[in-house]
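Chain and residue survey
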Amino acid sequence: MWLKILPDREFVENANVRDADVYERAASKPLEFWSEAAERLHWFRGWKEVLDSSRAPFYRWFTEGEINISYNCIDRHLGERSSKPALLWEGEDGSRRVLSYSELHREVCITADMLRGLGVERGDRVVLYMGMVPELPVSMLACARIGAVHSVVFGGFSPRALADRIQDAEPKVVVTQDGAFRRGKVVPLKQNLDEALEHAGGSVERVVVLERAGNEVEMKEHRDLTWREARRHCTAKVEAVPLDSEHPLFILYTSGTTGKPKGVLHVHGGYNVGVHLTASWVFDLKEEDVYWCTADIGWITGHSYVVYGPLSNGASVLMYEGAPDYPSPERWWEIIERYGVTVFYTAPTAIRFFMKLGGEPAKRHNLSSLRLLGSVGEPINPKAWLWYYEAVGGRRCPVVDTWWQTETGMVMITTLPGVDAMKPGCAGRPFPGVKAMVVDESMKPATRGELVITTPWPAMLRTLWRNEERYLKTYFRGEVYVTGDGARVDEEGDFWILGRVDDVLNVSGHRLGTAELESALVSHPSVAEAAVVGREHEVKGQAIVAFVVLRDGIKPSEELIQELRAHVAREISPIARPDEVYFVSRLPKTRSGKIMRRVMRAIEQGAEIGDLSTLEDVSAVEEVRRAG
Ligand code: PRX
């Protein structure tokens with residue numbers, strides 16, 4: 001039997017959703033359910049059909065409706081919430097800013113006008129390569145306002161990773177910063193961008209540079225402008241343009257099982273409905289809440305639950321620029337105390353990090369303002385869950401363990417905090433209106449197997465940017481959406497997520513494809529072949545373990561190990577730096593030459609190796625075992 005914890009009575013009494021019937025109602029009439037959800041938003045023109053499945057699995061939601069997510073995040077709140085803080089921002093250097101809804105409106109309008117002035121039109125892409133500064137959500141909302149498509153690239157990505165994304169999205173304009181603060185150091189974003197543009201700059205006409213860190217940058221004449229210059233003569237009156245509900249809102253790149261990242265495409269209408277409703281119900285947002293999601297906006301969690309979900313609910317959103325432990329591990333807890341944060345959403349890796357420190361920093365601060373906690377990005381082990389519930393939440397705050405993906409756009413499996421009992425380590429059940437199932441290899445229902453979503457939902461991805469074929473191939477078996485995650489379903493119908501079943505690693509909540517890591521390793525002149533697998537890690541969830549075959553004549557050495565680790569960090573991002581590098585003379589392969597990653601994974605995890613009949617050379621397995 002599992003541990004079951006009921007939500008606090010006082011919480012339940014005031015919760016946005018208290019009635020368990022909601023599941024039943026949504027399941028019996030899902031389209032009515034989503035239609036009602038959509039009515040919470042402003043539409044310039046009503047929709048005809050809630051769902052059009054005629055080209056399934058290219059689903060269309062709220063057909064012929066006209067909407068603009070920027071209007072729903074800003075304009076709809078003017079009047080009643082004009083002076084309410086929309087963004088509360090704290091810089092890593094201690095600087096602070098507050099933007100009210102009317103100030104946010106002004107900033108977004110000016111930026112929208114700036115983009116137009118630089119030639120950005122409806123449907124054009126704009127890449128945002130920035131850190132956690134208010135100008136990032138401002139730029140996203142400005143793109144949305146005029147129907148441009150943003151593609152945010154995480155500020156921790158290398159010039160090479162940035163170049164790949166720019167080449168694929170073909171933006172007309174890139175907005176960046178001189179530098180971003182990270183642990184007291186300056187990450188030279190503009191310099192990285194210049195390097196990327198040397199390889200992939202074809203489409204880019206203008207670059208806007210926000211001055212944040214004050215580091216020196218080179219400005220290219222006729223192409224580069226500072227944020228200040230670019231906005232100098234811009235107007236604060238730019239209307240949100242009515243857009244078809246299927247108009248693209250953003251492309252966000254995520255790792256898959258090949259070396260090339262996938263451009264996940266989300267649209268205005270359905271995405272807005274999905275993130276709006278889930279933000280309200282899962283985080284139980286109330287007028288007076290101070291809501292803090294610690295995710296970087298460079299990832300989907302930041303898109304959906306720092307920017308679009310909470311702002312479309314008119315919430316006050318806290319944003320912090322820097323690292324959780326800078327200048328000390330007190331930082332987050334100080335922030336919670338200082339701003340009176342009420343709803344806090346973070347990742348298991350951070351929870352485990354603080355738990356390992358013995359919880360001292362959290363104990364030294366008054367966290368009594370908190371009333372709800374959330375977790376996302378990877379499975380949370382029961383021990384970390386309980387620590388979070390007790391040490392941070394003082395046993396009074398429900399914990400929502402939210403399962404979802406870049407592709408799903410919105411939370412898909414969770415508990416509703418005012419309705420469901422919590423089981424530490426278990427995500428809960430599908431959100432109302434969502435149908436999930438666990439299946440075996442022949443797609444039959446099973447208690448343990450692969451997690452699939454059997455019916456469409458409004459915030460689902462619409463396609464992969466310019467790659468419909470990969471969209472179909474990667475995600476669908478018939479009309480069923482395949483998540484790539486393994487799961488177990490218990491007798492009560494609750495879902496326990498077991499982690500990825502494909503060649504994707506989850507390192508500190510970041511998704512990394514093994515193929516991407518391998519291709520970075522092989523790009524080093526000393527490397528002939530490489531295979532990457534995950535190993536369980538106490539804080540990061542998974543660590544990156546690389547097995548490397550060197551080119552003839554190259555000698556293994558400790559220096560080379562360090563060089564390869566640094567090489568991957570440079571090629572992709574410091575988050576992708578391998579934890580371990582082992583040299584082997586060959587990799588276990590099938591007779592047709594495919595690396596048997598399954599075997600290597602099993603060795604790393606100390607599990608049964610299973611069938612080896614297709615293996616070409618059994619001694620390669622022995623070698624991997626000895627090396628690792
Ligand atoms: O493996 C699952 C894991 O994160 C993957 C999605 O990664 P990404 O698209 O980067 O989005 C992360 C934030 C939504 C999933 O396939 N994952 C996410 N949330 C959970 C989770 N695993 C277990 N429990 C969760 N709550």
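Calculation criteria
Residues numbered from 1 in each chain as written. Predicted model: local features only at pLDDT ≥ 70, side-chain atom pairs only at ≥ 80, totals over all residues. Heavy atoms only, no water. Helix = DSSP H or I, 4+ residues; strand = E, 2+ residues; numbered from the N terminus. Rg over C-alpha atoms; globule rule 2.2 N^0.38 Å. Buried < 20%, exposed > 50% of the residue type's maximum accessible area, 1.4 Å probe, protein only. Contact = heavy atoms within 4.5 Å. Lys, Arg positive; Asp, Glu negative; His and termini not counted. Charge placed at Lys NZ, Arg CZ, Asp CG, Glu CD. Salt bridge = Lys/Arg side-chain N within 4 Å of Asp/Glu carboxyl O. Near = heavy atom within 4 Å. Polar contact = N/O pair within 3.5 Å; in protein donor to acceptor, adjacent residues only side chain to side chain. Areas by Shrake-Rupley, 256 points an atom, 1.4 Å probe, with all protein chains shown as cover. Nonpolar A, V, L, I, M, F, W, Y, C, P; charged D, E, K, R; others polar. Domains from an automatic or database assignment. Buried area = accessible area lost by both parts, 1.4 Å probe. Axes fitted to C-alpha atoms, helices over the stretch in contact; angles between N-to-C directions. Left-handed = near helix turned anticlockwise from the far one by under 90°. Expected span 1.5 Å × (residues − 1). Phe/Tyr/Trp six-rings, centres within 6.5 Å; stacked < 30°, edge-to-face > 60°. Lys NZ or Arg CZ within 6 Å of the ring centre and 35° of its normal. Pairing = 2+ DSSP bridges.

1. Quick look at the overall build of the protein
What the protein contains, in helices and strands, is 20 helices and 33 strands. A compact globule built from 628 residues should have a C-alpha radius of gyration of about 25 Å, and the protein, at 24 Å, falls within 12% of that. Dimensions along the principal axes, computed over C-alpha positions, put the protein at roughly 70 × 65 × 60 Å. Buried residues in the protein amount to 61% of all 628 residues. In the protein, the share of contacts with a sequence separation of at least 24, taken over all contacts with a separation of at least 6, comes to 71%. Averaging the positions of the 77 positive and the 89 negative side-chain charges in the protein gives two centres separated by 0 Å.

2. Observations concerning the pattern of salt bridges
Following the criterion strictly, the structure yields 46 salt bridges and no others. Residues Arg145 and Asp75 are paired through a salt bridge, measuring 2.9 Å at the closest nitrogen-oxygen approach. Of the two residues, Arg145 is situated in helix 6 (residues 135-146) and Asp75 in the loop between helix 4 (69-73) and strand 4 (85-90); the sequence distance between them amounts to 70 residues. Among the residues examined, Arg145 registers a relative accessible area of 0% and is labelled buried. Classification of Asp75 as buried rests on a relative accessible area of 12%.

3. Focus: the site of the ligand
In the region of the ligand, 17 residues are neighbours, and Asp401, Thr402, Thr406, Arg500 and Arg511 sit closest. Contacts to the ligand include Glu378, whose backbone N or O atom sits 3.3 Å from a nitrogen atom. The contact in question runs from an oxygen atom of the ligand to an N or O atom on the side chain of Arg500, over 2.8 Å. For the ligand, whose unbound accessible area comes to 540 Å², protein coverage reaches 96%. Looking at the shell around the ligand, the elements that each hand over two or more residues are helix 11 (300-312), strand 20 (399-402) and strand 28 (495-500). Considering only residue class, the shell around the ligand consists of six nonpolar, six polar and five charged.

4. Remarks on the domain arrangement of the protein
The domain boundaries assigned to the protein delineate domain 1 (9-68 + 245-488), domain 2 (101-241) and domain 3 (504-627). Each of domain 1 and domain 3 was reduced to a C-alpha centroid, and the two centroids are 32 Å apart. Listed by partner, the interface residues are 17 residues for domain 1 and 15 residues for domain 3. Around 1300 Å² of area is buried between domain 1 and domain 3 when both sides are counted, 49% of it from carbon and sulfur atoms. Run the count over domain 1 and domain 3 and you get one salt bridge. With a shortest N-O distance of 2.9 Å, Glu407 and Arg511 are connected by a salt bridge. At the junction of domain 1 and domain 3, the tally comes to nine residue pairs in polar contact (both at pLDDT 80 or more). Sort the elements by how many residues they give to the side of domain 1 that touches domain 3 and helix 13 (residues 348-356) lands first, with four residues. A class-by-class count of the residues in the side of domain 1 that touches domain 3 yields two nonpolar, ten polar and five charged.

5. Notes on the packing of helix 19 (residues 597-604) against helix 20 (residues 618-627)
Close contact between helix 19 and helix 20 brings their axes to 10 Å; oriented N to C, the two are set at 35°. At the point where helix 19 passes helix 20, the crossing takes the right-handed sense. Between helix 19 and helix 20, the contacting residues are Val599, Met600 and Ile603 on the first element and Val621, Val624 and Arg625 on the second. In terms of residue class, the contact of helix 19 with helix 20 is built from five nonpolar, no polar and one charged.

6. Details of helix 10 (residues 268-282)
If you check helix 10, its first and last C-alpha atoms are 21 Å apart, about what 15 residues at 1.5 Å a residue would give, namely 21 Å. Once helix 10 finishes, Asp284 follows within two positions and takes phi at roughly 55°, a positive value.

7. As for the packing of aromatic side chains
Under the criterion given, the structure shown has 33 aromatic pairs. Taken together, a centroid distance of 5.1 Å and an interplanar angle of 55° make the contact between Tyr471 and Phe476 tilted. Phe476 matches Tyr471 in its accessibility class, with the two residues each being buried. Pairwise contacts between aromatic rings join Phe58, Trp457, Tyr471, Tyr475, Phe476 and Tyr481 into one cluster. A cation over an aromatic ring shows up here: Arg165 above the ring of Phe157, its NZ or CZ 4.3 Å from the ring centre. Over the aromatic face of Trp496 sits the side chain of Arg488, whose NZ or CZ is 5.0 Å from the ring centroid.

8. A short note on the pairing of strand 27 (residues 480-489)
Counting buried positions along strand 27 gives nine out of ten residues, so the element sits mostly inside the fold. In this sheet, strand 27 lies alongside strand 24 (residues 448-453) in antiparallel orientation, the contact comprising five bridges. In the sheet register, Val452 faces strand 27, and the bridge partner there is Val482. Here strand 26 (residues 476-477) hands over to strand 27 after two residues, with Gly478 in that stretch at a positive phi of 65°. In terms of strand pairing, strand 27 meets strand 28 through five bridges, oriented antiparallel. Note that in strand 28 the partner of Gly486 across the bridge is Gly499. If you look at the hairpin formed by strand 27 and strand 28, you'll find five residues sitting between the two strands, and Gly493 has a positive phi there, around 85°.

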